[in-house]
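# Summary of structural features
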Amino acid sequence: MTVNLEVAEGVGTIRLDRPPMNALDTATQDRLKELAEEATRREDVRAVVIYGGEKVFAAGADIKEMQRMDHAAMVVRSRALQDSFTAVARIPKPVVAAVTGYALGGGCELALCADFRIAADNARLGQPEILLGLIPGAGGTQRLARLVGPSKAKDLIFTGRMVKADEALQLGLVDRLVPAAEVYAEAHAWAVKLAQGPAIALRAAKEAIDTGLETDIETGLAVERTWFAGLFATEDREIGMRSFVEEGPGKAKFR
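Heads up: these notes are all about the structure in this document. Predicted model only: the values in this text are computed from it and were never measured.

Calculation rules
Residues numbered from 1 in each chain as written. Predicted model: local features only at pLDDT ≥ 70, side-chain atom pairs only at ≥ 80, totals over all residues. Heavy atoms only, no water. Buried < 20%, exposed > 50% of the residue type's maximum accessible area, 1.4 Å probe, protein only. Helix = DSSP H or I, 4+ residues; strand = E, 2+ residues; numbered from the N terminus. Pairing = 2+ DSSP bridges. Phe/Tyr/Trp six-rings, centres within 6.5 Å; stacked < 30°, edge-to-face > 60°. Axes fitted to C-alpha atoms, helices over the stretch in contact; angles between N-to-C directions. Parallel < 35°, antiparallel > 145°, perpendicular 65-115°, else oblique. Contact = heavy atoms within 4.5 Å. Nonpolar A, V, L, I, M, F, W, Y, C, P; charged D, E, K, R; others polar.

### What to know about the pairing of strand 2 (residues 11-16)
Most of strand 2 sits inside the fold, with 5 of its 6 residues counted as buried. By the bridge criterion, 6 bridges tie strand 1 (residues 3-8) to strand 2 in an arrangement that is antiparallel. What sits directly across from Val7, in strand 2, is Gly12. The turn linking strand 1 back onto strand 2 is made up of 2 residues, and Glu9 within it adopts a positive phi angle of 55°.

Shown next as structure tokens:
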């Protein structure tokens, strides 16, 4: 399989495994969607790590495969391409990308689908599609602009340039830099911590933030209000408030 799902300590690791560069061909895209949907359904998965291995996250689409496609074929395939990445973005649980080596094109777009990005200090990220006479097609024009702002997104997409890890951190394209050997361990530890949190409240927070970014503030506030009130019906809310009153903040053990 080109993508695998392994679960430990409440964390599902979606691992790309198509050496040497984890090129995202159609079979890999379809498998990614399948496992993102599985991670969404499984109750033993409470947080997710997206990982490409020690050397490379994903160097982009399979260009040789794409070169064989004509306009008619890509009209059909482009929706499936976007759907596979959207399935990752819509996992209703905390998702962290553990980025090593190259995260280019589709690889960068996959990292953008996560809630948080931990990168190796030698990582390289970018959207080089313009150099092929194309634009990003797996969400890059939308998610990158929402993450780093339109001007910075246009710089990266118009030029197709790669950025080193330190510039990616400056831009807000990644959230934390660590030595290359520590990327997965750091990402997994972050995910384990969140996996111990209140699952429904985390889902609510993610949906409220993501919905708010995609709509007007009044709609976003309505989503927030509905979730906020609804969480008063959960056992985790009872546990959290009781623990706060009796023991102080940060000591609740959620179920």
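### Comments concerning the packing of aromatic side chains
Under the counting rule described, the total for this entry stands at 3 aromatic pairs. Aromatic pair Phe116 and Trp190: ring centres 4.8 Å apart, planes at 10°, arrangement stacked. Pair noted here: Phe116 is in strand 6 (residues 116-120) and Trp190 is in helix 8 (residues 183-195), with a separation of 74 residues, a long-range link.

### Here's the deal with the packing of helix 9 (residues 199-214) against helix 10 (residues 217-230)
Across the interface, helix 9 lies against helix 10 with an axial gap of 8 Å and an inter-helix angle of 170°. Overall, the two elements helix 9 and helix 10 adopt an arrangement that is roughly antiparallel. Contacts from Ile200, Ala204, Glu207, Ala208, Thr211 and Gly212 in helix 9 reach Gly220, Val223, Glu224 and Trp227 in helix 10. Classifying every residue of the contact of helix 9 with helix 10 by side-chain character gives 5 nonpolar, 3 polar and 2 charged.

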